[in-house]
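Coordinates in review
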Amino acid sequence: MLAIEGGAPVRREPIVAKPVVYSEELVQAIAEILKSGVLTAQHGKWVKAFEAELAAYLGVRHVAAVSNGTTALHVALKAIGVGPGDEVITTPFTFAASATAILHANAVPIFADIDRETLNLDPASVEEKITERTKAIVVVHLAGMPAEMDQLMKIAERYGVKVVEDTAQALGAEYRGRKVGAIGHISTFSLYATKHITSGEGGAVATDVTAYAERAKLIRAHGEVGKYSYEILGYNYRMTEIQGAIAYHQLKQLPEMQKRREAYVKALLDELAPLEGDLLTIPKPKPYMKHAWHLVQILLAMEKLRKPRDWVVEAIRAEGVGNIYVAYPTPLYKTPLFQRREGHGLGCPWTCPYYKGKAQYEPLPNAEWAAERVATLLVMPNLTEQDAADTATAIKKVLNAVRR
Ligand SMILES: Cc1ncc(COP(=O)(O)O)c(C=O)c1O
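To start, this report covers the structure provided alongside it. On a predicted model such as this, the values are computed, not experimentally measured, just so you know. (Residues numbered from 1 in each chain as written. Predicted model: local features only at pLDDT ≥ 70, side-chain atom pairs only at ≥ 80, totals over all residues. Heavy atoms only, no water.)

**Some words on the layout of surface pockets**
To be explicit about the condition: Here the term cavity refers to a set of points on a 1 Å grid, laid over the protein atoms alone, in which a 1.4 Å probe fits but cannot get out; the term pocket refers to an open set having protein on both sides within 12 Å along at least five of seven lines, with lining residues being those that place an atom within 4 Å of a point. Grid points are joined across faces, edges and corners, and a volume is the space filled by probe spheres set on the points. Every helix listed is a DSSP run of H or I at least four residues long, and every strand listed is a run of E at least two residues long, numbered separately from the N terminus. In this classification, the charged set is Asp, Glu, Lys and Arg, the nonpolar set is Ala, Val, Leu, Ile, Met, Phe, Trp, Tyr, Cys and Pro, and all remaining amino acids, among them Gly, are polar.
Of the volumes computed, that of the largest pocket is approximately 420 Å³. Forming the boundary of the largest pocket are 26 residues, of which Phe-95, Ala-168, Ser-190, Tyr-192 and Lys-195 lie nearest the centre. Mapped onto the lining of the largest pocket, the elements with two or more residues apiece are helix H3 (69–79), helix H4 (97–104) and strand E8 (186–190). Its residues assigned to classes, the lining of the largest pocket shows twelve nonpolar, eleven polar and three charged.

This is the structure in structure tokens:
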């Protein structure tokens, strides 16, 4: 009997995905920060060390650490000059920030459809959405799966638009041997607690273009040049020294943590292989991609199941799989924010007099298809191969019980 119906769960001790952050060296570093009283990046060394380390890891010239992945996107969009009247194309099958950061920059998000095999932007759909107002494309590497960068960069070049890589979910992923986040014109990272490296909250902007990096650093800190002289509109989006120290040590731990993620995912995929193409499909990286496995996206064969997707996810969770959820249940254009179009108030940016377009938020078939059937496992470095085996057992138990 299924646990959701009163039966015994597969796991009595639920699986909980959580970050692995503790190290003696880090505790020492934080103690030194506290003793020194230098808590801010301006006077400290840790945020600068993290920026240098991330730049070296990615192979880019410049990194600016910021307060989170959302502010990183806002900074990146403003650094490349996105503003009123502009359209920015992105995917609707992502976390809200990929699109709301476009609104923060006072530009209009335009959604293109996704590809069913990668769940990332479909380059052909992106090209269809380009207008003379398109300034940039926010390319999301969802779940750690690289987007089709060659095709997207070619389209960007053809139409003279910039590519912002939203790499929040994909630190360490590669596309044709290059790290994602080092391919577009500018890229952004999140260091939220579920991400590949974390400082609780945190973010970063990376670019090879010196002018963008200089602007990003100004926008991050009040647009201030010299003492109390403000060149441009800026914000306070700085990272603290304690966050910087944690982020630096996390980056050092990344290869080891990534091995653990990969071992968990390999065990899970092996166990679920008999269900592939029957009750579920898991998008896999193409041969020229390296997946960073932030999430395992499971596409359920809903036509073969007697219960709705949300019930199935709850049933798997009830078996003790605490790291299952749905990312994402609603394409962004269907959410009240985009349906009501209130934005900054009085309808801006959509009703901004500088905006001459007509953003239509019509259904995109592949995004709707994915949102209806996806079930998501959060992958974290604390998860073991035993956790993977139990997860697969729970998934098989539930799906077989509700098979039509
Ligand atoms: C694809 C994507 N973009 C942006 C963000 C925003 O990052 P943060 O939560 O650090 O603001 C997230 C975070 O969850 C994300 O998943």
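**Looking at the pairing of strand E4 (residues 134–140)**
Looking down a regular strand, the side chains alternate between one sheet face and the other. The criterion, for reference: Burial classes follow relative accessibility: with a 1.4 Å probe on protein chains only, a residue under 20% of its type's maximum area counts as buried, one over 50% as exposed, and anything between as partly exposed. Strands pair, by our definition, only if DSSP identifies at least two bridges between them. By convention, orient the strands away from the viewer: a clockwise path from the first strand over the helix to the second makes the crossover right-handed.
Along E4, six of the seven residues are buried, which leaves the element largely enclosed by surrounding structure. Note: strand E2 (residues 87–90) against E4, four bridges, orientation parallel. Looking at the pairing, Thr-90 lines up with Val-138 of E4. Two elements, E4 and strand E5 (residues 162–166), share five bridges in a ladder whose sense is parallel. The residue bridging Val-140 from the neighbouring strand is Asp-166, located in E5. The parallel pair E4 and E5 is bridged by helix H6 (residues 149–159), and the resulting crossover is right-handed.

**Observations concerning the site of the ligand**
Formally: Nearness is defined per residue: one heavy atom within 4 Å of the molecule or strand is enough. Two N or O atoms form a polar contact when they lie within 3.5 Å of each other; inside protein one atom must be a possible hydrogen donor and the other a possible acceptor, and for residues adjacent in sequence the pair counts only when both atoms belong to side chains. Molecules are considered to sit inside a cavity or pocket once more than half of their atoms lie within 2 Å of its grid points.
The local shell around the ligand holds 15 residues, among which Gly-69, Thr-70, Asp-166, Ser-190 and Lys-195 are the closest. Contact distances for the ligand include 2.7 Å between a nitrogen atom and a side-chain N or O atom of Asp-166. Contact distances for the ligand include 2.8 Å between an oxygen atom and a side-chain N or O atom of Lys-195. Counting atoms within 2 Å of the grid points, the majority share of the ligand lands in the largest pocket. Of all the secondary structure elements, the ones that give two or more residues to the shell around the ligand are H3 and H4.

**Quick word on the pattern of salt bridges**
Worth spelling out the cut-off: What counts as a salt bridge is simple: a side-chain nitrogen of Lys or Arg found within 4 Å of a carboxyl oxygen of Asp or Glu.
Enumeration over the complete set of coordinates arrives at 24 salt bridges. Asp-390 is the partner of Arg-11 in a salt bridge, and the nearest nitrogen-oxygen pair spans 2.9 Å. Placement of Arg-11 in the segment before helix H1 (24–36) and of Asp-390 in helix H12 (residues 385–401) is noted, with a sequence separation of 379 residues between them. Put simply, Arg-403 and Asp-278 hold a salt bridge, and the shortest N to O gap is 2.6 Å. Residue Arg-403 is located in the segment after H12, and its partner Asp-278 is located in the loop between helix H8 (241–272) and strand E10 (280–281); the two are separated by 125 residues in the primary sequence. Linked through salt bridges whose partners overlap, the residues forming this network are Arg-11, Asp-387 and Asp-390.

**What about the side chain of Glu-241?**
Keep this limit in mind: When charges are tallied, Lys and Arg are placed among the positive residues and Asp and Glu among the negative ones, while His and the ends of the chain are skipped. Here, two residues are considered to be in contact whenever any of their heavy atoms come within 4.5 Å of each other.
As for its placement among the helices and strands, Glu-241 is situated in helix H8. Put simply, Glu-241 is tucked away with no salt bridge, and the nearest opposite charge, on Lys-48, sits 6.3 Å away. A polar contact of 2.9 Å, which involves the side chain of Glu-241, links it to the backbone nitrogen of Lys-45. The residues contacting Glu-241, other than those within four sequence positions of it, are Ile-33, Val-38, Leu-39, Thr-40, Ala-41, Gly-44, Lys-45, Trp-46 and Val-47.

**A look at the environment of Met-257**
Inspection of the secondary structure puts Met-257 in helix H8. When the C-alpha positions of Met-257 and Pro-19 are compared, they lie 9.5 Å apart, and in sequence the two are 238 residues distant. Not counting residues up to four positions away in its chain, the partners in contact with Met-257 are Val-20, His-196, Ile-197, Gln-250 and Pro-381.

**Looking at the state of the cysteines**
Note the following rule: Two cysteine sulfurs form a disulfide in these notes if their separation is within 2.5 Å.
On inspection of all chains with the given rule, the structure shows zero disulfides. Free of any disulfide, Cys-348 has its nearest neighbouring cysteine sulfur in Cys-352, separated by 5.2 Å. By relative accessible area, which is 9% here, Cys-352 ends up buried.

**Thoughts on the sheet that holds strand E14 (residues 374–378)**
Strand order in the open sheet formed by four strands is E10-E12-E14-E13, and the pairing between neighbours is antiparallel. At either end of the open sheet lies a strand with only one pairing partner, and these are E10 and strand E13 (324–325). The sheet contact formed by E10 and strand E12 (residues 295–300) spans two bridges and is antiparallel. The residue bridging Thr-281 from the neighbouring strand is Leu-299, located in E12.

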